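A structural walkthrough
Next come the chains, spelled out residue by residue.
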Amino acid sequence: MSIESTNVEKVIAELYSREEAYKTACEKLADAEYAYKTDLAVKFNEAEGTVDNRKNSALVACKAKYGAYLKAEAVKDYTKEMLKDAQQVLSARQSLLSASVRSDNAYANTTGVR
């Protein structure tokens, strides 16, 4: 096994790890969004006053869940960027490996060395 293919295998393993992290982040975001929005609806219905006052009261009452939701969204966005980064690294490594193979083949064809 060549060094290049070993490096590609390492990048593939890292890509898989990042895919799993992204999946987990998406699931946590969904849970946080559900918790925030259902609590917001309950608090809105419990509040009194004008619609704007009820919205504001509900938001204040749900601030911890809203914060958790925003943090989960940020983690999801971060893990998505990390996944994209790993995909780009894999693509670059594959391009380099392919170029190396083409170069080796061209050299072998011109020199007769196999």
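Residues numbered from 1 in each chain as written. Predicted model: local features only at pLDDT ≥ 70, side-chain atom pairs only at ≥ 80, totals over all residues. Heavy atoms only, no water.

Description of the side chain of K76
Note that K76 resides in helix α3 (residues 63-111). Residue classification places K76 among the buried positions, given a relative accessible area of 18%. The contacts of K76, once residues within four sequence positions are left out, are Y22, A25, C26 and L29. (Helix = DSSP H or I, 4+ residues; strand = E, 2+ residues; numbered from the N terminus. Buried < 20%, exposed > 50% of the residue type's maximum accessible area, 1.4 Å probe, protein only. Contact = heavy atoms within 4.5 Å.)

Quick word on the confidence of the model for the protein chain
With 91% of its residues at a pLDDT of 70 or more, the protein chain has an overall mean of 88. The spread of mean pLDDT over the elements of the protein chain runs between α3, the lowest at 86, and helix α2 (residues 51-61), the highest at 96. (pLDDT = per-residue confidence, 0-100.)

Observations regarding the pattern of salt bridges
For side chains of opposite charge, pairing can occur when their charged atoms come near one another. Applying the stated rule across the entire model yields seven salt bridges. The partner of E14 in a salt bridge is R18, with the nearest N and O atoms 2.7 Å apart. Taken as a pair, E14 and R18 lie in helix α1 (residues 3-46) at a separation of four residues, close to a single helical turn. Judged by its relative accessible area of 36%, E14 is partly exposed. (Salt bridge = Lys/Arg side-chain N within 4 Å of Asp/Glu carboxyl O.)

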